[in-house]
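Okay, here's what each chain looks like letter by letter:
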Amino acid sequence: MTTPELQLRFQTVVDQHKKILYKVCNLYCRNRDDRDDLAQEIIIQVWRSFGKFDERYRFSTWMYRIALNVAISFYRRENRRTRYVISDEEHLLEAIDETKNQPEEIRLLYEFIEGLDPLNKALVLLYLDGNNYQEIAEVLGISETNVATKISRLKSKMKQEFRETGQAESQAKSRNET
């Protein structure tokens, strides 16, 4: 296959799966500049590996694996870098929660996911995207049993946190009414 044909094929298949790119970038980055940088890094890595793609497998699974590996590396690198940076007022304004106009349940879900480690973030993303346990296991390189166990634990943890949040809000409302 010639380079122009390969590039066209690459652009077509990435365009068909761009939602994966958006989901991963939105999950791992809070501000637009970081999301753009991460998206670019993912595209570069997908392009570098494109010739090694085995067509016996689903492209989406392969792309998820690359995207999540790049995102986790990016997240760790950015976390180390920004840990030592003091933000000025403008940067603080950029960090304002973009989920503030979402329904309460969605906002709580985003907060829950944000507090997870990179592997569990990836697991939740894949689960919420409708992937079955086998597909999640393939992307993350863990066993299906491990996927099932982790999802069960995350669901329990999330229910507990939502209950605690609901109780705290109810108590605050009753205090304000008196």
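Residues numbered from 1 in each chain as written. Predicted model: local features only at pLDDT ≥ 70, side-chain atom pairs only at ≥ 80, totals over all residues. Heavy atoms only, no water.

As for the pattern of salt bridges
Moving on, step 1. One pass over the structure, following the stated rule, counts 5 salt bridges.
Moving on, step 2. Note that Glu-55 is salt-bridged to Arg-9, the shortest N-O span being 2.2 Å. Taken together, the residues span a long stretch of sequence, with Glu-55 in the loop between helix H3 (32-49) and helix H4 (59-82) and Arg-9 in helix H1 (residues 3-16) at a distance of 46 residues.
Moving on, step 3. A relative accessible area of 55% places Glu-55 in the exposed class.
Moving on, step 4. A salt bridge links Lys-18 to Asp-15; its shortest N-O distance comes to 3.3 Å.
Moving on, step 5. Judged by its relative accessible area of 35%, Lys-18 is partly exposed.
Moving on, step 6. Looking at Asp-15, the relative accessible area reads 47%, which means it is partly exposed. (Salt bridge = Lys/Arg side-chain N within 4 Å of Asp/Glu carboxyl O. Helix = DSSP H or I, 4+ residues; strand = E, 2+ residues; numbered from the N terminus. Buried < 20%, exposed > 50% of the residue type's maximum accessible area, 1.4 Å probe, protein only.)

What about the side chain of Asn-131?
Moving on, step 1. With respect to the element layout, Asn-131 can be found in the loop between helix H7 (118-128) and helix H8 (133-140).
Moving on, step 2. Excluding residues that lie within four positions of it along the chain, Asn-131 makes contacts with Arg-58, Tyr-64, Leu-126 and Ile-136. (Contact = heavy atoms within 4.5 Å.)

Let's talk about the nonpolar core
Moving on, step 1. The biggest cluster of nonpolar side chains holds 43 residues, and the ones touching the most others in it are Val-24, Tyr-28, Leu-38, Ile-42, Val-46, Phe-59 and Leu-68.
Moving on, step 2. Elements that contribute at least two residues to this core include exactly H1, helix H2 (18-28), H3, H4, helix H6 (104-114), H7, H8 and helix H9 (144-177).
Moving on, step 3. With 12 residues, H4 is the single largest residue contributor to this core.
Moving on, step 4. Ignoring anything within four residues of it in the chain, the contact list for Val-24 reads Leu-38, Ile-42, Tyr-64, Ala-67, Leu-68, Ala-71 and Leu-125. (Core = buried A, V, L, I, M, F, W, Y, C linked by side-chain atoms within 4.5 Å.)

Observations regarding the confidence of the model for the chain
Interpreting fine coordinate detail is not advised for predicted regions of low pLDDT.
Moving on, step 1. Mean pLDDT for the chain: 81, with 79% of residues reaching 70 or above.
Moving on, step 2. For the chain, the element scoring lowest by mean pLDDT is helix H5 (residues 89-94), at 41; H3 scores highest, at 92. (pLDDT = per-residue confidence, 0-100.)

Structural notes on a nonpolar patch on the surface
Moving on, step 1. Taken together, the side chains of Tyr-127, Leu-128 and Tyr-133 present a nonpolar region at the surface, about 270 Å² in accessible area.
Moving on, step 2. Examined against the element boundaries, Leu-128 turns out to sit in helix H7. (Patch = residues over 30% accessible without salt bridge, like charges linked within 9 Å, V, L, I, M, F, W, Y side chains within 5 Å. Areas by Shrake-Rupley, 256 points an atom, 1.4 Å probe, with all protein chains shown as cover.)

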